[in-house]
Amino acid sequence: MLDKSIQVGIVGLGMIGGSIAKSLTKKGYKVFADDLDKNSLSSALSEGSIDGFLEDLNCNNNFILIFTVPILSAGKELLKNKELISKALLVSDALSVKGSLRKEIDKNKINTKNFVLSHPIAGSEKSGYIHSKEDLFKNKIVVVTKLQDSSKTSIDICYGLWDLLGAKTINLNSEDHDKYFSKTSHLPHLIAFALISTISKSDQIQKDTFTGGGLKDFTRIASSDPKMWEDIFLSNQINILEALKRFKSELNELEKLIEEKDSNKINQFIKDAKNFRDSLI
């Protein structure tokens, strides 16, 4: 349990940042935030989700700082808050690509003794403070990435933070993190965007038939925030392109089997995929 005297500063008050704020405020912590969207800040303040703006945080007392901004905005925000970062007990994040964040940390010559990276697997196709909710992280997984010189104190506080929010933590280094999520998260979003784009350009669009349950379920994530996914695709480019290359290879194989009308191999292809998918439940 985190000491109630520890303040929390949040840079980025979207769905993730807003949910952190709502949960911690409800638990009695003092939360302060900054966001480019002043309407979100005003709403959070009027609703009591935050106690004030980031500049109201008392940096002479203990505090932690969490960055929940778009990936390609991280460098600018790190530089802007460099002095605050140097005084925090813990600096963490909620970004889904770690390699580019580490480059920005190095580029801005930020001491990483108090840095422990985080990635809560708790998002959805919705975005913005309006979609934040107090229990978003309950029973969700958070991937924690320790840096080479992360202090034990900061690591313990990071685990304590996510435990307080109701999440379970696992550990991955930044390289494995970005490779793994390029396949399990980034590639599915890319495919969903491409599929919906293909359908949208059809000459025979009939929304009442094109929006069946299967298509809706499969492409729900195509409603995700464009800016966030633009940043992810660009910042994890190498891993995503490698994942896409492997996916194309599987598509080509299935296309070949259909062309050859090889029913046995088509059935086996589907069966193998089904068995693996069923093993994930």
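Above this text sits the structure in question.
Thresholds applied
- Residues numbered from 1 in each chain as written.
- Predicted model: local features only at pLDDT ≥ 70, side-chain atom pairs only at ≥ 80, totals over all residues.
- Heavy atoms only, no water.
- Helix = DSSP H or I, 4+ residues; strand = E, 2+ residues; numbered from the N terminus.
- Buried < 20%, exposed > 50% of the residue type's maximum accessible area, 1.4 Å probe, protein only.
- Contact = heavy atoms within 4.5 Å.
- Areas by Shrake-Rupley, 256 points an atom, 1.4 Å probe, with all protein chains shown as cover.
- Lys, Arg positive; Asp, Glu negative; His and termini not counted.
- Charge placed at Lys NZ, Arg CZ, Asp CG, Glu CD.
- Pairing = 2+ DSSP bridges.
- Right-handed = clockwise from strand over helix to strand, strands pointing away.
- Axes fitted to C-alpha atoms, helices over the stretch in contact; angles between N-to-C directions.
- Left-handed = near helix turned anticlockwise from the far one by under 90°.
- Nonpolar A, V, L, I, M, F, W, Y, C, P; charged D, E, K, R; others polar.
- Core = buried A, V, L, I, M, F, W, Y, C linked by side-chain atoms within 4.5 Å.
- Salt bridge = Lys/Arg side-chain N within 4 Å of Asp/Glu carboxyl O.

1. Some words on the overall build of the chain
Counting its regular elements, the chain contains 12 helices and 8 strands. With respect to the principal axes defined by its C-alpha atoms, the chain has extents near 70 × 40 × 30 Å. For the chain, with 281 residues in total, the buried portion stands at 43%. Sequence separation of at least 24 residues holds for 73% of the intrachain contacts in the chain that already meet a minimum separation of 6. Split by element, the accessible area of the chain, about 15,900 Å² in all, is 52% carbon and sulfur. If the 39 positive side-chain charges of the chain are averaged to one point and the 37 negative ones to another, these points end up 2 Å apart.

2. Looking at the pairing of strand β8 (residues 168-171)
The pairing of strand β7 (residues 141-146) with β8 spans 4 bridges and is parallel. The residue of β8 that forms the bridge with I141 is K168. Traced from β7 through helix α6 (residues 152-164) to β8, the parallel crossover comes out right-handed.

3. Focus on the packing of helix α7 (residues 174-200) against helix α11 (residues 237-259)
Running from amino to carboxyl end, α7 crosses α11 at an angle of 65 degrees, the nearest separation of the two axes being 9 Å. Read as a crossing pair, α7 and α11 show a hand that is right-handed. Only N239, I240, A243, L244, R246 and F247 of α11 make contact with α7, whose side of the interface consists of D178, K179, S182, K183, H186, L187, L190 and I191. Grouping the amino acids of the contact of α7 with α11 by side-chain chemistry returns 7 nonpolar, 3 polar and 4 charged.

4. Remarks on the nonpolar core
Grouped together as the largest cluster of nonpolar side chains are 35 residues, with contacts concentrated most on I20, L24, I64, F137, L161 and W162. Of all the secondary-structure elements, those providing two or more residues to this core are β1 (7-11), α1 (15-26), β2 (31-34), α2 (38-47), β4 (63-67), β7 and α6. No other element matches the 6 residues that α6 contributes to this core. In contact with I20, not counting residues within four places along its chain, are I10, I66, T68, F137, W162 and L165. In terms of nonpolar packing, the next biggest core, distinct from the first, is built from 26 residues, V11, L78, L95 and V97 among them.

5. So, the side chain of H189
Here H189 is to be found in helix α7. Overall, H189 belongs to the buried group, its relative accessible area being 11%. Setting aside chain neighbours within four positions, we find H189 in contact with I221, S224, W229 and F233.

6. Observations regarding unusual backbone geometry
Positive phi values are uncommon outside glycine, yet K109 reaches one of about 50 degrees. Note on placement: K109 falls in the loop between α5 (99-107) and β6 (116-121). Residue K109 is classed as exposed on the basis of its relative accessible area of 71%. One non-glycine residue, N139, lies in the positive phi region at around 65 degrees. Here N139 lies in the loop between β6 and β7. N139 sits in the exposed class, given a relative accessible area of 53%.

7. Some points on the pattern of salt bridges
Tallying each qualifying case throughout the model produces 10 salt bridges. Note that E242 is salt-bridged to R246, the shortest N-O span being 3.3 Å. Here R246 and E242 lie together in helix α11, a separation of 4 residues that amounts to about one turn. Among the residues examined, E242 registers a relative accessible area of 37% and is labelled partly exposed.

8. A closer look at the pairing of strand β5 (residues 90-93)
Regular strands place their side chains on alternate faces of the sheet. Burial of the side chains of β5 extends over both faces: L90 and S92 are buried on one face and V91 and D93 on the other. Here β4 runs beside β5; their pairing, made up of 4 bridges, is parallel. Bridging across to β5, I64 finds its partner in L90.

9. Describing the sheet that holds β1
In any sheet, the strands associate via hydrogen bonds between backbone groups, in a parallel or an antiparallel arrangement. Strand order in this open sheet of 5 strands is β3-β2-β1-β4-β5, and the pairing throughout is parallel. Looking at which strands have only one partner, the edges of the open sheet turn out to be β3 (52-53) and β5. Contacts from α1 reach β1, β2 and β4 within the one sheet, and its direction differs from that of β1 by about 165 degrees.

10. Here we look at the environment of S118
Residue placement: S118 occurs in strand β6. The class of S118 is buried, set by a relative accessible area of 0%. Separated by 51 residues in the primary sequence, S118 and F67 place their C-alpha atoms 9.7 Å from one another. Ignoring any residue separated from it by four or fewer positions in sequence, one finds S118 in contact with S92, D93, A94, L95, K98, V142, V143, C158 and W162.

None of the figures reported here should be taken as evidence of function without further support.
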